[in-house]
Amino acid sequence: MQMRNFLIWAVVFVLLLALFQLMDRSATVTESASEAAYSDFLNMVEGGQIGSAIVQGDDIIAVSTTGERVEVRLPPNDNTTVNFLHENRVRVDIE
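Here's a quick rundown of the structure. (Residues numbered from 1 in each chain as written. Predicted model: local features only at pLDDT ≥ 70, side-chain atom pairs only at ≥ 80, totals over all residues. Heavy atoms only, no water.)

## What about the overall build of the chain?
Scanning the chain for helices and strands turns up 3 helices and 5 strands. Going from N to C terminus, the chain has its helices and strands arranged as α-β-α-β-β-β-α-β. When burial is assessed residue by residue, the chain has 18% of its 95 residues classed as buried. Considering only contacts within the chain whose residues lie at least 6 apart along the sequence, 53% involve residues at least 24 apart. Approximately 7,400 Å² of the chain is accessible, and the part contributed by carbon and sulfur atoms is 57%. (Helix = DSSP H or I, 4+ residues; strand = E, 2+ residues; numbered from the N terminus. Buried < 20%, exposed > 50% of the residue type's maximum accessible area, 1.4 Å probe, protein only. Contact = heavy atoms within 4.5 Å. Areas by Shrake-Rupley, 256 points an atom, 1.4 Å probe, with all protein chains shown as cover.)

What follows is the structure, encoded as structure tokens:
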């Protein structure tokens, strides 16, 4: 009887350990953004392929209409990209 209880507790322990490993692995998986050239990004915007964008300093993190994340580096002293995004009906947030 004692051996049976020990085996049951061992199985419970192994199952809990496996569950924690699974949860830990899923928590560390992050969605990575692909990098795009500035000109390719502008073509994507004109083509209606970008749905939203977040401007963070000199970087833009955009989300395409298919859900793909795209990261773009803005040119120095850029004053036109945000207006260009707005004109092409892209939702823009600035952080």
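On we go from here.
## Brief notes about the side chain of S64
Topologically, S64 is positioned in strand β3 (residues 59-64). Since its relative accessible area comes to 8%, S64 is described here as buried. Among the polar contacts listed, one links the side chain of S64 to the side chain of T66, at a separation of 2.9 Å. (Polar contact = N/O pair within 3.5 Å; in protein donor to acceptor, adjacent residues only side chain to side chain.)

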